[in-house]
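# Structure assessment
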Amino acid sequence: MKRFALGAVIFTLATALFADSDLTPLAVIKLNKTETVTLKQLKTRVEMYQKQNGVASFTPEQKKDILDAIIDEKLVVQAAQKAGMQITDSQVNQYFLQNISQQVGKQVTEAQFAEIVKQQTNLSLDDFMKQQVGMSVTDYKAFLKNQLLAQQYVLQQKQSEIQGQAPTDAEIRTFFEMNKASFVQPDMLKMFLVIVPKGTDVEAARTRANKLLQDLKDKKITYDGIKNTLKSDSSFQGGDLLVNKSAQNAQQLGISYQELIELFTRDVGYLSNLNETEENFQFYAVREKYSAKMLGLSDIVQPDTTVTVYDYIKQNLTQQKQSQYLMTAVQDITKELDTPQNVDRKKTGDALLKLLNW
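One structure accompanies this document, and this report is about it.

## Notes on the sheet that holds strand E9 (residues 343–345)
Pairing is antiparallel across the open sheet formed by 3 strands, whose spatial order is E2-E1-E9. With one partner strand each, in any of the chains shown, strand E2 (35–38) and E9 form the two edges of the open sheet. With strand direction ignored, the average angle separating the axes of adjacent strands in the sheet is 20°. Where strand E1 (residues 25–29) and E9 come together, 3 bridges link them in antiparallel fashion.

Below, the structure written as structure tokens:
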């Protein structure tokens, strides 16, 4: 019994020592307020990056780089706060929803995403986020908030320089020549799709869908008329869709690839019969068909738009240049802020690397 008690005491002491070690201060940021970066915070961030990048472990030198990144982030955030800048919780939630909606492939709420996660992984959203990024939803949103605030500050400080980043005409034309084979318009068609959800009254939905379809056949209503009706009537959805002849588009439409091929055999003006699914009634009309072709610099990237290939390349190269300059701007700003007056590094050199060798 005495041995067991002694073992329990040793275990308790060891646990306390490890806990104390995790609270070891690595740096103190004091630009706008006193904020300590602890070993535990670094471990959390390292774990996050390991999960995101599928890496088993980082070297002490790489962990030092991550520590420097945390210090830089806190410096910029404190500088932004000192300048009176803020990011609201609603802005963070909106950004979070944009990210998860991209993963799902459609617009979803946090509750809907949590339900999808539960169905596919049998995990709660918190457990799923910890598995994916090493943080709970609350912690991840706090991380996003700092990232957005830091980004806002850098954009404000370097706004004119960033906006001035633009490709030359020669760079645009060179990019086109080097990637000419990728500028192809596939076989496409424009279809007008009408969907009437069944809701709680299936027969009422069926009647509504049939009337819309019959009114189109009898030319009592136009496609623009249906669009105008949607402004004040939310009982159904409708609009034009551009469809590519691809397996991905077939999946997005909820049909087989063979059914998609058959769709492309329809003539312009074709109006389908009413189709019933588990959730709704729907029908479609073929409005335009576009044959596959190679695109030149002056061609429109996508039917029914005004963006040319030249404009498209210019926009993308501009974004690349701005992103590259933004990285340089971040480095310049953090270098200016990283002074002994603003940062007190508690561990440096070999002592730091030794501490990071876990």
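Next comes the rest of the description.
## Looking at the packing of aromatic side chains
One pass over the full model with this rule turns up 7 aromatic pairs. Here the aromatic rings of Phe 176 and Phe 183 are separated by 5.6 Å at their centres, their planes lie at 40°, and the arrangement is tilted. When its relative accessible area of 6% is taken as the criterion, Phe 176 is described as buried. A relative accessible area of 9% means that Phe 183 is categorised as buried. Taking the centre distance of 4.9 Å and the plane angle of 50° together, the rings of Phe 192 and Tyr 223 count as tilted. Here the residue Phe 192 occupies a position in strand E4 (residues 188–197), and Tyr 223 occupies one in helix H11 (residues 223–230), the gap between them amounting to 31 residues. Joined through ring pairs, the aromatic side chains of Phe 96, Tyr 140 and Phe 143 make up one cluster. The ring of Trp 358 carries Lys 43 above its face, with NZ or CZ at 5.4 Å from the centroid.

## A few points about the layout of surface pockets
Any empty space left between the atoms is revealed when a probe the size of a water molecule rolls over them. Of the pockets and cavities examined, the largest pocket occupies roughly 940 Å³. Residue lining of the largest pocket: 27 residues in total, with Leu 193, Leu 253, Gly 254, Ile 255 and Gln 282 positioned closest to the centre. Sorting the residues of the lining of the largest pocket by element identifies E4, strand E5 (237–244), helix H12 (247–253), helix H13 (257–264) and strand E7 (280–290) as the ones contributing at least two each. When its residues are assigned to classes, the lining of the largest pocket shows 13 nonpolar, 10 polar and 4 charged. Here the second largest pocket defines a volume of roughly 660 Å³.

Cut-offs and rules
- Residues numbered from 1 in each chain as written.
- Predicted model: local features only at pLDDT ≥ 70, side-chain atom pairs only at ≥ 80, totals over all residues.
- Heavy atoms only, no water.
- Pairing = 2+ DSSP bridges.
- Helix = DSSP H or I, 4+ residues; strand = E, 2+ residues; numbered from the N terminus.
- Axes fitted to C-alpha atoms, helices over the stretch in contact; angles between N-to-C directions.
- Phe/Tyr/Trp six-rings, centres within 6.5 Å; stacked < 30°, edge-to-face > 60°.
- Buried < 20%, exposed > 50% of the residue type's maximum accessible area, 1.4 Å probe, protein only.
- Lys NZ or Arg CZ within 6 Å of the ring centre and 35° of its normal.
- 1 Å grid on protein atoms, 1.4 Å probe; cavity = no way out; pocket = protein on both sides within 12 Å on 5 of 7 lines; lining within 4 Å.
- Points joined across faces, edges and corners; volume = space filled by probe spheres on them.
- Nonpolar A, V, L, I, M, F, W, Y, C, P; charged D, E, K, R; others polar.

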